[in-house]
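The residues making up each chain are set out below.
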Amino acid sequence: MSMIGVSAAVLGGMGLAFGVVLGYAAKKFHVEQDPRLGAITEALPNANCGGCGYPGCSNFAQAILDGAAPPEGCPLGGMEVAAAIGTILGVEVKKTVRKVAFIRCAGGQSKSTFLYDYSGMNNCTAAMQLVAGGAKECAFGCLGGGSCFVACEFGAIIMEDGIAKVDNEKCVACGKCVSACPKNLIKMVPHDSNVRVACNSNDNGKTVRGCCKVGCIACRMCQKTCEFAAINVFDLLAEVDYEKCTDCGACVAKCPPKSIIRRNNEEETAEKPLETVAS
């Protein structure tokens, strides 16, 4: 037999031996997958939005099975998905409240003042690096650069009058817009809540009046009006306690600058083009 034939025979024998060893090892150390894992993964929306805190639905499913994540932890699936997972696991699930993102600013181009015209890239973080932390005179307001618009994968954020707004029906509460906003003015609120404070300013009333027509002036009229102690002023800004709020609307009616709004005031469904901070 030639050297080539010998080499081929040796390599073939080695390959066969390795194959037998690997086959034995695979059988010896094989771990049976819990069939519930596949069922949980299938029950999830598989949008991989990250709202649960995990990089994907399969990771979240494994975390649920391991007891590291709650069955009701999917913000997109809500109680319907939570109930399905509870059935798979044979456990009761806690009732959850669907939440959506809310932009705490109503001071668009027509209602607030600007220090200068901005014509740079549509990025709020970049805009903040410029003079005075951005073109808008209010240091707490939405810059309208669209960082949240870009971050949202579900088309739930639109740009109108130079500020961002949220489509409540498209929002899945993934939280990516919250992380993208350098002003920290996006917060999660109950989807069904009707009363919302559309302001993020902690400036005093005089300063707010000088730069925004609809900013909270900390007059405490809402706090005095509410019979349920559901709205109070902290650090010169009104905040709603949704556990106590009855959606009576008294604070909305009494707010002098109209910075407390009804949900429908900020809800839009029409697609709008991305605008710059100032035209």
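Since the structure is predicted, the reported quantities are computational estimates derived from the model, not experimental observations. Residue positions are given per chain, counted from 1 along the sequence in the order it is written. Since the coordinates come from a predicted model, pLDDT governs what is reported: local features require at least 70, and pairs of side-chain atoms require 80 or more to be given and counted, while whole-chain, interface and lining totals use all residues. Computation of side-chain values covers all heavy atoms of the structure but excludes hydrogens and water.

1. A few points about the confidence of the model for the chain
Here is step 1 of the chain: Per-residue confidence from the predictor is reported as pLDDT, a score between 0 and 100. The pLDDT averaged across the chain works out to 85; a share of 83% of its residues lies at or above 70.
Here is step 2 of the chain: Here residues 266-279 is a poorly scored stretch, pLDDT under 50, and it has 53 contacts once near neighbours within four places are set aside; other chains count. It only takes one pair of heavy atoms within 4.5 Å for two residues to be counted as in contact.

2. Observations concerning the pairing of strand E6 (residues 231-234)
Here is step 1 of the chain: A simple rule labels every residue: compare its accessible area, found with a 1.4 Å probe on the protein chains alone, to the largest value its type can have, and call it buried under 20%, exposed over 50%, or partly exposed in between. Note on conventions: DSSP H or I runs of at least 4 residues are helices, E runs of at least 2 residues are strands, and numbering of each starts at the N terminus. Residue alternation in E6 divides its side chains into a buried set, Ile231 and Val233, and an unburied set, Asn232 and Phe234.
Here is step 2 of the chain: A pair of strands counts as paired when DSSP detects no fewer than two bridges linking them. Here E6 pairs with strand E7 (residues 237-240) via four bridges, running antiparallel. Residue pairing for E7: Phe234 is matched across the bridge by Leu237.

3. Section: helix H3 (residues 57-65)
Here is step 1 of the chain: For H3, the set of buried residues is Cys57, Phe60, Ala61, Ala63, Ile64 and Leu65.
Here is step 2 of the chain: Buried residues along H3 sit against helix H2 (35-43) and helix H4 (78-89).
Here is step 3 of the chain: Looking one or two residues beyond H3, the residue adopting positive phi is Gly67, at roughly 80 degrees.

4. Observations regarding the packing of aromatic side chains
Pairs of aromatic rings are described using the distance from one ring centre to the other and the angle between the two planes.
Here is step 1 of the chain: Two aromatic rings, drawn from Phe, Tyr or Trp (for Trp, its six-membered ring), form a pair once their centres lie within 6.5 Å of each other, and the interplanar angle then sorts them: stacked below 30 degrees, edge-to-face above 60, tilted otherwise. Summed over the entire model, instances satisfying the criterion amount to one aromatic pair.
Here is step 2 of the chain: Summarising the aromatic geometry, the rings of Tyr54 and Phe60 are spaced 5.9 Å apart at their centres and angled 40 degrees between planes, so their arrangement reads as tilted.
Here is step 3 of the chain: Among the residues examined, Tyr54 registers a relative accessible area of 26% and is labelled partly exposed.

5. Observations regarding the packing of H2 against H4
Here is step 1 of the chain: Under this scheme, a helix contributes an axis fitted over its contacting stretch, all axes are lines through C-alpha atoms, and angles between N-to-C directions fall in the 0 to 180 degree range. Direction vectors running N to C along H2 and H4 enclose 170 degrees, while the axes themselves pass 9 Å from each other. Overall, the two elements H2 and H4 adopt an arrangement that is roughly antiparallel. Across the interface between the two elements, Arg36, Ala39, Ile40 and Ala43 from H2 touch Val81, Ala84, Ile85, Ile88 and Leu89 from H4.
Here is step 2 of the chain: In this count, Pro and Cys sit with the nonpolar residues alongside Ala, Val, Leu, Ile, Met, Phe, Trp and Tyr, while Asp, Glu, Lys and Arg are called charged and the others, Gly among them, polar. Here the contact of H2 with H4 is composed, by residue class, of eight nonpolar, no polar and one charged. When an angle is under 35 degrees it counts as roughly parallel; over 145 it counts as roughly antiparallel; between 65 and 115 it counts as roughly perpendicular; any other value is oblique.

6. Re the environment of Thr87
Here is step 1 of the chain: By secondary structure assignment, the location of Thr87 is in helix H4.
Here is step 2 of the chain: Overall, Thr87 belongs to the exposed group, its relative accessible area being 65%.
Here is step 3 of the chain: Sequence separation between Thr87 and Ile40 is 47 residues; the distance between their C-alpha atoms is 9.8 Å.

7. So, the nonpolar core
Here is step 1 of the chain: What makes a nonpolar core is a set of buried Ala, Val, Leu, Ile, Met, Phe, Trp, Tyr and Cys residues whose side-chain atoms join them at distances within 4.5 Å. Among the nonpolar cores identified, the biggest contains 27 residues, and Ile157, Ala164 and Ile186 are the most heavily contacted of them.
Here is step 2 of the chain: Taken together, the elements giving at least two residues each to this core come down to strand E1 (99-103), strand E2 (157-160), strand E3 (163-166) and strand E4 (186-190).
Here is step 3 of the chain: Counting residues per element, this core draws most heavily on E1, which supplies four residues.
Here is step 4 of the chain: For Ile157, the contacting residues outside a window of four places in its chain are Cys148, Phe149, Cys152, Ala164, Lys165, Val166 and Cys177.
Here is step 5 of the chain: Counting 17 residues, the second-largest nonpolar core is a separate cluster that includes Cys216, Ala218, Cys226 and Ala238.

8. Things to note about the pattern of salt bridges
Here is step 1 of the chain: What makes a salt bridge here is a side-chain nitrogen of Lys or Arg within 4 Å of a carboxyl oxygen of Asp or Glu, nothing more. In this structure the tally under the stated criterion is four salt bridges.
Here is step 2 of the chain: A salt bridge links Glu153 to Lys176; the nearest nitrogen and oxygen atoms lie 2.7 Å apart. Of this pair, Glu153 sits in the loop between helix H6 (147-151) and E2 while Lys176 is found in helix H7 (residues 176-180), placing the two residues 23 residues apart along the sequence.
Here is step 3 of the chain: Residue Glu153 is classed as exposed on the basis of its relative accessible area, which comes to 53%.
Here is step 4 of the chain: What makes Lys176 partly exposed here is its relative accessible area of 27%.
Here is step 5 of the chain: The partner of Glu169 in a salt bridge is Arg263, with the nearest N and O atoms 2.6 Å apart. Here Glu169 is found in the loop between E3 and H7, whereas its partner Arg263 is found in helix H11 (residues 263-266), with 94 residues between them in sequence.

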